[in-house]
Amino acid sequence: MHRWAHFLMLEGVRWARGTSRRRRVGAALLAWVLTFGAMRAVVLHPERCGTVTTDRLDGAIDEAVAWAGRTLRSDGTWIYRYNAGTDTDAGIYELVRHSGLTMALYQAAAAGHPDARAIAEQADTYARTNLVARDGWQALAPLVPGEHYDIGATSLFLNALLYRRTVTASTADDALLTDLGRFLLTNIAPSGAVAANWDPGTGAPVVGASSPFYTGEALWALTRLERVLPGEWREPALRVARYIATARDEAEHRFPDVADHWAAYALAELAHWPGTSVLDEELTAYARHVGELESLSIRYESQRTGSTFSRLTRGQIALGAGVGALTEALASLRSVPALSATDSLRDRSLCGAGVLLDRQTTATEAERYPNPERARGAWIREGQTQIDDQQHALSALLLIRDLQATP
Amino acid sequence: MTVWAVLLVFAAAANPFRRRRCLSVPDGRQVIAGAAVAVAVYGALAVAGASLRDALDVSTPNMRVAAGLLLVVVGLHAVVAPLPAAPTTIDARGGWLVPVLVPVMLRPDLALVAFAADRTSGVATVALSASVALAAVAAWWCVGARTPAAERWLGAALGALTVVAAVRLLLDGVFAL
């Protein structure tokens, strides 16, 4: 046993007298080959980041937009969780992801993909039928009356309308934007914590209810609102940002730390606030921390291929929503001045885009499914896709396309 | 990776206290020659590191993770394993190659560290660290005490230090941008 251990550790073996030099060198080479072979097989899997070109990005964006158009129902809702293998919808729906995909489509429209606008407008019309006004604010009410309001739904809807404002160049919704923002304010605690839910029964935020992502979503909405309609959003936005950066993970018992792509969007927005930079040491350190977590994720994810060996050693590939979200974060963080010159951040965000491009269902691949029109352009895993897979992937590819266009 | 981190990894993993017995040559010049060639090779590996990583589709942080994992094993082995048996002394002109350069001075664990070097400052850092570490191996071979018990414990202590340095390298790779 020790003899083999010493051999593999290259500490020498008691050779028989007269053993040739060639044989000793050969034994050492064997130990090297075994070592590097084992490292390659177990640890150093290739990171498959694909090839990211503007043509591929534009094609993938158009395919994702087209998927959203083909799966939009006449009432303005989408197929929510779709089983491509059986061509069935899970029959569930909620407004957080509805708002998210609406927002992604307005992002696409703002980036010059004209087909996205009409689809987003239908989804917007549906969302507005769920608006409730109360106490000087408006919010998206839950689809089941009496249930708690999801802060995330209103946050993402507000973000969607902010992109719509850019697309339409209209200020007609400014009062609504303000009302939606005020609903978010009612859910922010003095500490900067954001309640995940608002209770229509008590007329107050649900104490102790938190979400790993709603806080960042609300923050991003407020940071954007401050740029568009400045005034009452600045202080609460900075309070939430500081809470996320310094206290959230501990206060909400989140381990490992949340790799918060929404907060990354917000940090990018804060970097563009006019005047003196608000990105102080704490916020910059947090931005770096999020970047580190997302970098780790994409370095790992890009090693997954879906093969049996890859599943055994790396697990199942992530959802399109997961790869999209981490790519959104990495691309957004490039706007943070302290990180903008970091080549590795650029490489990782491009890697995320490459993974997304490679995993989008092509027209040819879609033919394998009973309803190719519903499969084409989607990010399908284990035969299923959900609207947020397309939402996050689309947003991510748009961000990368923008970075490609402005090197 | 900072200069100090690389230096620590090389100095600990080179482990003069365990390697001395493996340098079964009678002539100190062969030890020095083998060490010098090894330093040059580590430097060359650091130069080639970026190209090799690109060719293998492996990022720098992941290479550091791999190096860290391997060094944890090397360090733990040095902590728990008895000293290697002293090989038969080789009195030949090629002693600098076998057994000095191969297998003692030129090692895959340290080669992985060299491969993981930064594109810019890494080559100088690796060359400097390898020089210091392998000079220490050669120096201990020349002047070191020959008490097995002392060498066993000193080797184990450097093994523990290797584990610490390896974990640091590992975390540096895991939490890299």
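Residues numbered from 1 in each chain as written. Chains lettered and ligands numbered in written order. Predicted model: local features only at pLDDT ≥ 70, side-chain atom pairs only at ≥ 80, totals over all residues.

A. Examining the overall build of chain B more closely. Looking only at helices and strands, chain B features eight helices and zero strands. The linear arrangement of helices and strands in chain B, starting from the amino end, is α-α-α-α-α-α-α-α. Relative to the compact-globule value of 16 Å for 177 residues, chain B shows a C-alpha radius of gyration of 16 Å, a close match. Overall, the C-alpha framework of chain B stretches about 45 × 30 × 25 Å when taken along its three principal axes. The buried share among the 177 residues of chain B stands at 54%. In chain B, 95% of the contacts between residues at least 6 apart in sequence involve partners at least 24 apart. (Helix = DSSP H or I, 4+ residues; strand = E, 2+ residues; numbered from the N terminus. Rg over C-alpha atoms; globule rule 2.2 N^0.38 Å. Buried ≥ 20, exposed ≤ 12 C-beta atoms within 10 Å, placed from the backbone. Contact = placed C-beta atoms within 7 Å.)

B. Local environment of the overall build of chain A. Secondary structure summary: chain A contains 19 helices and eight strands in total. With the principal axes as the frame, chain A shows a C-alpha extent of 95 × 50 × 40 Å. In chain A, which comprises 407 residues, the share counted as buried stands at 49%. The long-range fraction of contacts in chain A, counting pairs at least 24 apart against all pairs at least 6 apart in sequence, stands at 72%.

C. The interface of chain B and chain A, seen in detail. Taken together, the contact between chain B and chain A spans 32 residues of the former and 32 residues of the latter. The set of elements that each furnish at least two residues to the side of chain B that touches chain A consists of α4 (60-80) and α5 (97-105) of chain B. Here the element with the most residues in the side of chain B that touches chain A is α4(B); it accounts for eight residues. For the side of chain B that touches chain A, the class distribution of residues is 24 nonpolar, five polar and three charged. (Nonpolar A, V, L, I, M, F, W, Y, C, P; charged D, E, K, R; others polar.)

D. Region of the structure containing the environment of A:Leu229. Residue and element names in this part refer to chain A. Positionally, Leu 229 belongs in the loop between α8 (214-228) and α9 (234-246). Assessed through the 17 C-beta atoms surrounding it within 10 Å, Leu 229 is described here as partly exposed. For Leu 229, the contacting residues outside a window of four places in its chain are Asp 174, Leu 177 and Thr 178.

E. Just the UniProt feature "transmembrane region" (unreviewed entry) in chain B, in detail. Residues and elements named next belong to chain B. Summarizing the sequence annotation, UniProt attributes the feature "transmembrane region" (unreviewed entry) to residues 30-52, 64-84, 123-141 and 153-171 in the numbering used throughout. With 81% helix and 0% strand, the stretch residues 64-84 has end C-alpha atoms that lie 28 Å from each other. Secondary structure over residues 123-141 splits into 100% helix and 0% strand, and the C-alpha atoms at its two ends are 27 Å apart. (UniProt positions renumbered as here; feature names shortened; annotations may be inferred.)

F. How the structure looks around the packing of helix α3 (residues 28-56) of chain B against α5(B). Residues and elements named next belong to chain B. In contact at an axis separation of 8 Å, α3 and α5 are set at 40 degrees when each is read in the N-to-C sense. In this view, α3 runs oblique relative to α5, as classed from their interaxial angle. When you trace α3 past α5, the crossing you get is right-handed. Where α3 approaches α5, its residues Gln 30, Val 31, Gly 34, Ala 35, Val 37 and Ala 38 are matched on the opposing element by Val 100, Leu 101 and Met 105. In terms of residue class, the contact of α3 with α5 is built from seven nonpolar, two polar and no charged. (Axes fitted to C-alpha atoms, helices over the stretch in contact; angles between N-to-C directions. Parallel < 35°, antiparallel > 145°, perpendicular 65-115°, else oblique. Left-handed = near helix turned anticlockwise from the far one by under 90°.)

G. Looking closely at the sheet that holds strand β7 (residues 204-205) of chain A. Residue and element names in this part refer to chain A. Strands sit in the order β5-β6-β7 across an open sheet of three strands; the sheet is antiparallel. This sheet does not close on itself; its edge strands, each paired only once, are β5 (149-150) and β7. As defined by bridge partners, strand β6 (residues 197-199) adjoins β7 across two bridges and the pair is classed as antiparallel. Bridging across to β7, Trp 198 finds its partner in Pro 205. (Pairing = 2+ DSSP bridges.)

H. Representation of the sheet that holds strand β1 (residues 81-83) of chain A. All names here are of chain A. Taken in spatial order, the three strands line up as β2-β1-β8 in an open sheet, and their pairing is antiparallel. Strands at the two margins of the open sheet, each flanked by one partner only, are β2 (88-89) and β8 (384-386). Here β1 runs beside β2; their pairing, made up of two bridges, is antiparallel. Residue pairing in the sheet places Tyr 82 in a bridge with Asp 89 of β2.

I. Inspection of helix α6 (residues 151-168) of chain A at higher detail. Between its terminal C-alpha atoms α6(A) stretches 25 Å, which fits the 26 Å expected from 18 residues at 1.5 Å a residue. With 15 of 18 residues buried, α6(A) lies mostly within the body of the structure. (Expected span 1.5 Å × (residues − 1).)

J. Looking closely at the pairing of strand β3 (residues 131-134) of chain A. All names here are of chain A. One ladder, built from four bridges, connects β3 with strand β4 (residues 137-140); its direction is antiparallel. Following the sheet pairing, Arg 134 is matched in β4 by Trp 137. Counting the residues in the hairpin turn of β3 and β4 gives two residues, including Asp 135, whose phi is positive at 50 degrees.

K. Here's a closer look at the environment of A:Ala41. Turning to its location among the elements, A:Ala41 is positioned in helix α2 (residues 21-42). The spatial distance from the C-alpha of A:Ala41 to the C-alpha of A:Ile244 is 39 Å, given a sequence separation of 203 residues.

L. Main features of the domain arrangement of chain A. Per the domain assignment, the segments of chain A are domain 1 (1-14 + 21-44) and domain 2 (45-405). The gap between the C-alpha centroids of domain 1 of chain A and domain 2 of chain A is 49 Å. (Domains from an automatic or database assignment.)

M. Just the packing of helix α12 (residues 281-301) of chain A against helix α16 (residues 343-359) of chain A, in detail. Residue and element names in this part refer to chain A. For the pair α12 and α16, interaxial distance at closest approach is 10 Å and the crossing angle is 45 degrees. Considering their axes alone, α12 and α16 lie oblique with respect to each other. With respect to the hand of their crossing, α12 and α16 are arranged in left-handed fashion. Contacts between α12 and α16 involve Gly 291, Ser 295, Ile 298 and Glu 301 on the former and, on the latter, Ser 344, Leu 345, Arg 348, Cys 351, Gly 352 and Val 355. Residue classes in the contact of α12 with α16 are distributed as four nonpolar, four polar and two charged.

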